[in-house]
Amino acid sequence: MGIGELDREAHVAEATGTGGAPRTLAEALRARGDDGLAALLRARPDLLNPVPNDLTQLATRAGTRGSVVRALERLDRFALQTAEALAVAPDPAPYPVLLGLLTGDEGDAEIEAALPGAVALLREQALVWGEDDRLRLVRTARELLAPSAQHPSPTGLGPTVAEATAGMSPGRVQEIIAAAGLISTHDPVSAVAALTALFTDRARMGELLDTAAPEALTVLDRLVWGPPYGEVTANPAPPVRWLRDRGLLLPVSPRTMVLPREVALHLRGGRAHRAPEPLAPQPVVLREYRPQVVDSAAAGQAHAALATVEELLKSWDQGGPQVLRAGGLAVRDLKRTAAALDVTEETTAFWLELGFGAGLLASDGEADERYAPTPAYDDWLDLPPAERWARLVAPWLTATRTPGLIGDQDAKGRTLAALGPDLDRAAAPEVRHRVLELLATLPPGSAADAESLFARLRWERPLRGGGPSAPAAAVGPPRPAAGAHDTADGGPGPQAPADLRSRLARWTLAEAELLGLTGRGALSAPARALLNLPLAEAASLADHGGGVELAVAAARAATLLAPLLPEAVDDVLLQADLTAVAPGPLRRPLADALSVLADVESKGGATVYRFTPGSVRRALDSGQTASDLHSFLAAHSRTPVPQPLAYLIDDVARRHGHLKVGAASAYLRCDDDTVLGEILADRRSAALGLRRLAPTVLAAQADPASLLAGLRSMGYAPAAESADGDVLITRADAYRTGARTAPVPVPDGPPAPDTTLLGAAVKAIRAGDRAATAVRKEPAAATAAGTLPRTSAAETLATVQAAAMTGSAVWIGYVNADGAASQRVIAPVRVEGGFVTGYDHTADEVRTYPLHRITGVAELADDQV
């Protein structure tokens, strides 16, 4: 092998990072296999938009601030603590140094077992690169996590001695050296190095602290876990002066001192964190029930949920409240709806958002915009109960709209309204899934302690939950600030307000109970099916492998729920006190007819209906006759029709239509002029503006609808008639919006790429990288690094023709029709008609290029592609 070949091999190794330890993140990525690149792109899908041209571009994009922040937000507590420890470690840091920062002097078997996995996770997500003897945190992550005066570290550590003394005068440094008992030197760099060596030497540091007064040690104890900064007076106390003189506290301003990082680590026993958390907290079982009890309770809740949604939307059947100008439902309308449903306003808001998210409720889009059921509501009513339940819970599981925020204020101080804008939170679906999955890890029938669930969620996403609390500055003699404990632990302390993920988890538990996904706090069997989790009792229903669509899982959940729901009945129990008792859920035709004939008096396991003159008149107004009502009750009653009820129907029917109302503005007609005289003499009729036109006819200033309502309030039972004198049937038609689609969830960043997209992206990146790192032969006129090759037209033609004959690859510079320049590696197969056709290794496909757009060509060293 000649000198030239050896030189080319060294060049290839340098370009590809295969000649030893990687020197950059790009070289570290280049050394990965395709599976490793796919894992990176799967964990950080934002790197795929658009697909990077090569691995250098991928590494550059992986180090941008936005991408690094997103990646850090998705780390669990221990992986984040590992990254924070690397941020305060030397750069690069050997693995033993990192381990010592996490375990301290005493060691910790759990941390030692968990650390390799955390480092592997950081490597996989390209936040850490390098071999174990030279671990490097990417620069952007170090800038975000390393301590500074403006950005305190979650570890509670301060700057190093070298950083804290950077602006200090050489004379002051020499004074500190002398006070600490070190040999003076005129070189500031060696002086700082000597002081650092003292603070990192456990034996000498112990001897120095043994000479300190107890008060001085108390000052250090106040700062050791952070914040490391403290304010001092112009004339500090002797203990503070003693610490300052020996460099154990270093000034950062005339009135502020800082505890150097090396001193804090010595006092902490070498640990970067007060409480490393290598193991995730496990959900704690609060109570245990038999699984059958849980499923029955959940089924009861599911049945109640269906009844509540149906009652809510039926109350808006003729058109609901108006839409606010800024969008959403007015507070008074929410209160009115809550009173009608007999639930709290928070629960009412949840049911409204549930119907809205399922596409059953929307605004009509008219000029006088109001809410109303959609056409999908009628289709929903026709489904079996279990399928109706599945149509509610499947959208809830993926919805980003968050009813729990209703009543809060947005960034501009405006109150968030039900069904209004600004209720989407991208983290909601992830939290809902995770809460239910954590419940599923418990034995069947087990209810979890809520606080243990919240602790687990905070461990899994500490930054997404609000991040570490920012410490306040210490005042007076150096002492910890109010947030010192929060900062040292890297998260909110016991008094910190609940973060969004904890609030979402709390709402999820309440909403899952309302929907019947849980019963008595334990996950039900239908909920396990919805989450595509293994089910011992439903193993024969379907394959529970991953990747099952949500619709299929919802259908399985409905299949499990159906036998648990109460059977619908087709009869009622009529009682002599003018009530009817429904011993269970009624079939829809019976329920619709009975809701017109009677008023609901009480709801529960058995619904009680009451017959009144007004309800019977309502049934007659809908076009039914007295005989129709008698036949209906006889057909659907388990008991004989009570005599008082039969008398009530006949009495109201006898008087129904005795008076006739039409348009004059309105007129009132009756064959009995005595009755009309009674109405005129009644003071309550004054507002109707009645006057006699004939012995049997009165004219009214009120419109027919108001006249009907006024006479009914006086105790009469008038009927409306047409211009031809026929009785009008006042059947109310349901009001519906136009076709409306359910709201689309707001994505939490780019969607997760599928296997096909990942494979194509990795292939394209590899091809582009091979082209970018291919070794070229030096052309006659060497081109500067990063510029396109330049050759004459004749030389370009001759080179590509030769490459086509020999089957070799060449490097070309190309300018497209838009003027964009690029470098490509192609293997020409045909050159004719002013075009060259070949396999483009950069694009990984066969392409044709006009020769006049090729700026130049160069041969590859050894056909490296």
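So, how was this worked out
Residues numbered from 1 in each chain as written. Predicted model: local features only at pLDDT ≥ 70, side-chain atom pairs only at ≥ 80, totals over all residues. Heavy atoms only, no water. Helix = DSSP H or I, 4+ residues; strand = E, 2+ residues; numbered from the N terminus. Buried < 20%, exposed > 50% of the residue type's maximum accessible area, 1.4 Å probe, protein only. Contact = heavy atoms within 4.5 Å. Areas by Shrake-Rupley, 256 points an atom, 1.4 Å probe, with all protein chains shown as cover. Core = buried A, V, L, I, M, F, W, Y, C linked by side-chain atoms within 4.5 Å. 1 Å grid on protein atoms, 1.4 Å probe; cavity = no way out; pocket = protein on both sides within 12 Å on 5 of 7 lines; lining within 4 Å. Points joined across faces, edges and corners; volume = space filled by probe spheres on them. Nonpolar A, V, L, I, M, F, W, Y, C, P; charged D, E, K, R; others polar. Pairing = 2+ DSSP bridges. Axes fitted to C-alpha atoms, helices over the stretch in contact; angles between N-to-C directions. Phe/Tyr/Trp six-rings, centres within 6.5 Å; stacked < 30°, edge-to-face > 60°. Lys NZ or Arg CZ within 6 Å of the ring centre and 35° of its normal. Salt bridge = Lys/Arg side-chain N within 4 Å of Asp/Glu carboxyl O. Parallel < 35°, antiparallel > 145°, perpendicular 65-115°, else oblique.

(A) Geometry of the overall build of the chain. Looking only at helices and strands, the chain has 35 helices and 25 strands in total. In the chain, buried positions account for 48% of the 865 residues. Expressed as a percentage of contacts within the chain between residues at least 6 apart in sequence, the contacts between residues at least 24 apart total 65%. Counting only carbon and sulfur atoms, one obtains 54% of the accessible surface of the chain, whose full area is about 40200 Å².

(B) Molecular detail of the nonpolar core. Counting residues in hydrophobic clusters, the biggest one holds 93 residues, and the most contacted among them are L29, L41, L195, F199, L248 and L249. In terms of residues, this core owes the most to one element, helix α6 (residues 77-87), which gives seven residues. Residues within four places of L41 in sequence aside, it is in contact with L47, L48, L58, P753, L758, A761, V762 and I765.

(C) Looking closely at unusual backbone geometry. The residue after N49, namely P50, is reached through a cis peptide bond having omega -5°. Tracing the backbone shows P50 in the loop between α3 (34-43) and α4 (55-62). Across the junction of G226 and P227, the peptide omega takes the value -5°, indicating a cis bond. Structurally, the position occupied by P227 is in the loop between α14 (214-223) and β3 (229-231). Residue A126 is not a glycine yet carries a positive backbone phi of 60°. Considering the arrangement of structural elements, one finds A126 in the loop between α8 (109-124) and β1 (128-129). Even without a glycine there, the phi angle at D422 is positive, about 65°. By secondary structure assignment, the location of D422 is in the loop between α21 (385-398) and α22 (428-440).

(D) Examining the layout of surface pockets more closely. When its volume is computed, the second largest pocket comes out at roughly 900 Å³. Around the second largest pocket sit 19 residues that line it, and R74, E430, P750, P751 and A752 are the ones nearest its centre. Secondary-structure elements contributing two or more residues to the lining of the second largest pocket are α3 and α22. Within the lining of the second largest pocket, the residues separate by chemical class into ten nonpolar, two polar and seven charged.

(E) Structural context of the sheet that holds strand β22 (residues 821-832). Read from one edge of the open sheet, five strands run β24-β23-β22-β21-β25, paired in antiparallel fashion. The open sheet has two edge strands, β24 (845-850) and β25 (854-859), and neither has a second partner. Each adjacent strand pair in this sheet contributes to an overall mean axis angle of 45°, direction not counted. Where strand β21 (residues 810-815) meets β22, six bridges bridge the pair, whose relative direction is antiparallel. Across the sheet, W811 pairs through a bridge with V825, a residue of β22.

(F) Layout of the sheet that holds strand β13 (residues 579-582). Overall, antiparallel pairing links the four strands, which are arranged β12-β13-β15-β14 in an open sheet. Taken across any chain shown, the strands that pair with only one partner, and hence form the sheet edges, are β12 (573-575) and β14 (599-602). Each neighbouring strand pair of the sheet contributes to a mean axis angle of 30°, computed without reference to strand direction. Bridge count for β14 against strand β15 (residues 607-610) is three bridges, and the pairing is antiparallel. Paired with D599 across the strands is R610, a residue of β15.

(G) Up close: the packing of aromatic side chains. Counting across every chain of the model gives four aromatic pairs. On the numbers, 5.1 Å between centres and 55° between planes, the contact of F350 with W351 is tilted. Using a relative accessible area of 4% as the deciding quantity, one classes W351 as buried. Lying across the ring of W380, R388 places its NZ or CZ 5.3 Å from the centre.

(H) Looking closely at the pairing of β13. Residues T579 and V581 of β13 are buried on one face, and the alternating residues A580 and A582, pointing to the opposite face, are buried as well. Direction of pairing for β12 relative to β13: antiparallel, over a ladder of three bridges. Bridge assignment links Q575 to a residue of β13, and that residue is T579. Hairpin connection of β12 to β13: three residues between the antiparallel strands, including L578 at a positive phi of 65°.

(I) Highlighting the environment of R588. Note on placement: R588 falls in helix α28 (residues 588-597). A C-alpha to C-alpha distance of 9.6 Å links R588 and V569, two positions 19 residues apart in sequence. Excluding residues that lie within four positions of it along the chain, R588 makes contacts with E310, L381 and R388.

(J) Examining the pattern of salt bridges more closely. Scanning all chains against the criterion turns up 36 salt bridges. The partner of R401 in a salt bridge is E353, and the shortest N-O contact between them spans 2.6 Å. Taken as a pair, R401 in the loop between α21 and α22 and E353 in helix α19 (residues 345-357) lie far apart in primary sequence, 48 residues in all. Assigned by exposure class, R401 and E353 land together as buried. Among the ionic pairs, R434 bridges to E437, the shortest N-O distance being 3.3 Å.

(K) Structural context of the packing of helix α17 (residues 291-315) against α21. The N-to-C vectors of α17 and α21 enclose an angle of 75°; their axes lie 10 Å apart at closest approach. Comparing their axes, α21 and α17 come out roughly perpendicular. Residue-level inspection shows A302, L306, V309 and E310 of α17 in contact with α21, the latter providing P385, R388, W389 and L392. Here the contact of α17 with α21 is built from residues that sort into six nonpolar, no polar and two charged.

(L) Spotlight on the packing of helix α12 (residues 188-200) against helix α13 (residues 202-210). Two elements in contact, α12 and α13, have axes separated by 5 Å at closest approach and are oriented at 85°. Comparing their axes, α13 and α12 come out roughly perpendicular. Listed contacts from α13 to A197, L198, F199 and T200 of α12 are R202, R204, M205 and L208. Looking at the contact of α12 with α13 residue by residue, the classes come out as five nonpolar, one polar and two charged.

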